[in-house]
Amino acid sequence: RGTGRRSGSGSGIPAARLSPGPGSGSRAEGQAPPGGRQQQQQREGEMAANMYRVGDYVYFENSSSNPYLIRRIEELNKTGSGNVEAKVVCLYRRRDISGNLNGLADNHAREFEEDSKQPALVDQERHQLKHRELFLSRQFESLPATHIRGKCNVALLNETEKLSEYLNREDCFYYSLVFDPLQKTLIADQGEIRVGPKYQADIPDRLAEGESDDRNQLKMETKVWDPDNPLTDRQIDQFLVVARAVGTFARALDCSSSIRQPSLHMSAAAASRDITLFHAMDTLQRNCYDLAKAMSTLVPQGGPVLCRDEMEEWSSSEAILFEEALEKYGKDFTDIRQDFLPWKSLASVVQFYYMWKTTDRYIQQKRLKVAEADSKLKQVYIPTYTKPNPNQIVCVGSKGGLMNGAASFQKSAAGLTCESCHTMQSAQWYAWGPPNMQCRLCAACWIYWKKYGGLKTPTALDGEKAQPPSEPKVKGPCGRQDPQGLLSSNSSKLLAKNRQTFLLQTTKLTRIARRLCNDILRPRRAARRPYIPVNIGAIKTECAVRLPKAATKPLRVQPVARPTLAQIMKELGELAARSPAKPRPAKGTETNRTILNINRGVLSLLGKRTFNKQNGLEGSPSPIHIRQMNDSESFEPVGNEESGAKAFCTN
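Now for a look at the structure at hand. Being a predicted model, the structure only gives us computed values, none of them experimental.

1. Comments concerning the overall build of the protein chain
- A count of helical and extended segments in the protein chain gives 23 helices and 16 strands.
- Here the protein chain, with 651 residues, has 29% of them falling under the buried criterion.
- Looking at the protein chain alone, contacts between residues at least 24 apart form 57% of all its contacts between residues at least 6 apart.
- Summing over all exposed atoms, the protein chain offers an accessible surface of approximately 45100 Å²; the carbon and sulfur share of this is 53%.

Written out as structure tokens, the structure reads:
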């Protein structure tokens, strides 16, 4: 003690940093300096908080902006470079699974609340409770131990506990479902503790003295042995020896058994297992403990009876598969049978496991695991992470000095508030979300985001409004009001709309509603005001009212005969051949400069003057005549022949 040696756990912690044992210090306890004992206790508390052991649930940081990962330490291994890696079990949050699985989790949570009769929760408590729910998995991964950021507590959800208690405890989580990241499934945990009134046995009333039991005992139980039988213990032992001898002879006659157990010693050992003894005692019970009848039952006319248990039925290759499955899944016999031994029944797998535990193979593997565990690290010390987060927002004061990390509270720049609690003052601000949104969180909400993977209050991402009641409606980037409340006050100023290709395919009911509710929709008026949303819900409701009363006859649509593309191209070619070429003024002439100067004029004049008048050309074009064509007619050029302005018009 106190010699500077490293701890025996292999964690690389100098012994001088550990608390000294009794009698190891040079100063007596009564001679400790003032405050020295408190500092020593504080150091011991910090050492215990930063000491991580196998089996602890910890926070891992893989990104400076994303929430922490929650993992359970399974192993601590030292790499060749001297670093420590942790083999961990993955636990997932609600934000890590799909929307369909979130719906299944909501249904399971609703059923749990009804069965366990949980007290009612308000919307904000229910929102925060989703941040405390985790999903266990059987996926392992290796992470650097230096990425550990603290400890947390994860427990299996119990019906006797109140869900609101998890909100009152820091770093406390629960799980009740198992998530498979490969199959994308969510199932109930098989290790559920069955606590509650529905799992209790129904105990019948006690019979009064002298009252007979009217129940049929034959249906309730089967008698397999009578301790008051007429045979003595010596006679029973002699019969069991005969049963073992018959079992050994039966294995010698069986071809498969002779291959598996070629020696007489192995056959005799297999015949001495419990299955042979149980068969012998059942034979005595069935023959009313008559030794002569029981002997004849052991060796019927066809040959001796061969009784084999699961240890003999399984081959060596099947036993190796079972050991590999047990190493991967543990004592989850359902998954062992499903993934490794589908041709075996679940009862056969369970029986083989308990028989396998009595063999030398199990003892050897247990010794190897103990020796391997002794060579591995038991614990590791990770100092508190003190580096600044890259998402910290550095505020520059009016005097040019930095106010980041100051003791006084900083006001949010440009009137931006915290996205979670809507406060405008915080000791430190952190950038949150996409960079173009310019969202931020205060120090308390940032810690909540990193630990629990969400915000304290519901936001638009959760399908609910996140506006504080005192603020007016938000205006979007085009100055219009946002009726859905999907844009926050911080992000609407510099919101950039992503351009993505999309296809709008309307339903049949929508197309019918456009015809029936044309007076409400007014598409021409809506087209001139593209920024005002259309209340499609009211239109669908009105359509549902008008649809039964609408005429059943189809609408009359007048067909229009349109020329083919080849005809249009032919007419355009003939028009280009007949049109005279317009003379071009030479560059630098007075006429060209006059036209350019006129074209730079006010754009509003173009709406009031024709093209020829605007460009200084004399002569006014005749109006373009539009008339309807018959099926036999084709396109005709109309317009001013002098200026060469022609057009093709059709209805």
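Having put the structure on the table, let's press on.
2. Side note on the pairing of strand E13 (residues 429–432)
- As defined by bridge partners, strand E10 (residues 392–393) adjoins E13 across two bridges and the pair is classed as antiparallel. Bridge pairing in E13 links Ile 393 to Trp 429.
- Direction of pairing for E13 relative to strand E14 (residues 439–442): antiparallel, over a ladder of four bridges. Paired with Ala 431 across the strands is Arg 440, a residue of E14.
- Where E13 folds back onto E14 in an antiparallel hairpin, the turn is made up of six residues, including Gly 433, whose phi is positive at roughly 90°.

3. Considerations on the layout of surface pockets
- Here the second largest pocket is characterised by a volume of approximately 900 Å³.
- Along the walls of the second largest pocket sit 29 residues, with Arg 72, Glu 74, Phe 140, Glu 327 and Lys 328 positioned nearest its centre.
- When residues of the lining of the second largest pocket are traced back to their parent elements, those giving at least two are strand E3 (69–78), strand E4 (84–92), strand E5 (133–144), strand E7 (172–180), helix H12 (316–329) and helix H15 (360–375).
- A class-by-class count of the residues in the lining of the second largest pocket yields 11 nonpolar, four polar and 14 charged.

4. Focus on the environment of Ile 382
- Within the secondary structure, Ile 382 sits in the loop between strand E9 (379–381) and E10.
- Since its relative accessible area comes to 8%, Ile 382 is described here as buried.
- Along the primary structure Ile 382 and Met 51 are separated by 331 residues, whereas in three dimensions their C-alpha atoms are 6.6 Å apart.
- For Ile 382, the contacting residues outside a window of four places in its chain are Asn 50, Tyr 52, Ala 145, Thr 146 and Ile 148.

5. Some words on the packing of aromatic side chains
- Per the counting criterion, the structure on display carries 19 aromatic pairs.
- Judged by centre distance (5.9 Å) and plane angle (75°), the rings of Phe 322 and Trp 356 are edge-to-face. Placement of the pair is Phe 322 in helix H12 and Trp 356 in helix H14 (residues 346–356), with a sequence separation of 34 residues. The burial state of Phe 322 is the same as that of Trp 356; both residues are buried.

6. Looking at the side chain of Arg 71
- Among the secondary structure elements, Arg 71 is positioned in strand E3.
- Overall, Arg 71 belongs to the buried group, its relative accessible area being 6%.
- Engagement of the side chain of Arg 71 in a polar contact is seen with the backbone oxygen of Leu 91, the distance being 3.0 Å.
- In this structure the side chain of Arg 71 is engaged in a polar contact, spanning 2.7 Å, whose partner is the side chain of Glu 141.

7. As for the sheet that holds E14
- Here three strands make up an open sheet; going across it, the order is E10-E13-E14 and the pairing antiparallel. The open sheet has two edge strands with one neighbour each: E10 and E14.
- Of the strands in this sheet, E13 and E14 touch helix H16 (residues 443–452), which is tilted by about 100° from E14.

8. Concerning a positive patch on the surface
- On the surface, a cluster of positive charge is contributed by Arg 522, Arg 524, Arg 525, Arg 528 and Arg 529.
- Its location among the elements puts Arg 529 in the loop between helix H19 (523–528) and helix H20 (536–546).
- Relative accessible area serves as the criterion here: at 37%, Arg 529 is assigned to the partly exposed category.

9. Structural notes on the nonpolar core
- Ile 70, Leu 134, Cys 152, Val 154 and Phe 173 are the most contacted members of the largest nonpolar core, which totals 16 residues.
- Mapped onto this core, the elements with two or more residues apiece are strand E2 (57–60), E4, E5, strand E6 (148–156), E7 and H16.
- Ignoring any residue separated from it by four or fewer positions in sequence, one finds Val 154 in contact with Tyr 57, Ile 70, Leu 91, Leu 134, Phe 173 and Tyr 175.
- Counting 15 residues, the second-largest nonpolar core is a separate cluster that includes Ile 73, Leu 76, Leu 143 and Ile 148.

About the thresholds
- Residues numbered from 1 in each chain as written.
- Predicted model: local features only at pLDDT ≥ 70, side-chain atom pairs only at ≥ 80, totals over all residues.
- Heavy atoms only, no water.
- Helix = DSSP H or I, 4+ residues; strand = E, 2+ residues; numbered from the N terminus.
- Buried < 20%, exposed > 50% of the residue type's maximum accessible area, 1.4 Å probe, protein only.
- Contact = heavy atoms within 4.5 Å.
- Areas by Shrake-Rupley, 256 points an atom, 1.4 Å probe, with all protein chains shown as cover.
- Pairing = 2+ DSSP bridges.
- 1 Å grid on protein atoms, 1.4 Å probe; cavity = no way out; pocket = protein on both sides within 12 Å on 5 of 7 lines; lining within 4 Å.
- Points joined across faces, edges and corners; volume = space filled by probe spheres on them.
- Nonpolar A, V, L, I, M, F, W, Y, C, P; charged D, E, K, R; others polar.
- Phe/Tyr/Trp six-rings, centres within 6.5 Å; stacked < 30°, edge-to-face > 60°.
- Polar contact = N/O pair within 3.5 Å; in protein donor to acceptor, adjacent residues only side chain to side chain.
- Axes fitted to C-alpha atoms, helices over the stretch in contact; angles between N-to-C directions.
- Patch = residues over 30% accessible without salt bridge, like charges linked within 9 Å, V, L, I, M, F, W, Y side chains within 5 Å.
- Salt bridge = Lys/Arg side-chain N within 4 Å of Asp/Glu carboxyl O.
- Lys, Arg positive; Asp, Glu negative; His and termini not counted.
- Charge placed at Lys NZ, Arg CZ, Asp CG, Glu CD.
- Core = buried A, V, L, I, M, F, W, Y, C linked by side-chain atoms within 4.5 Å.

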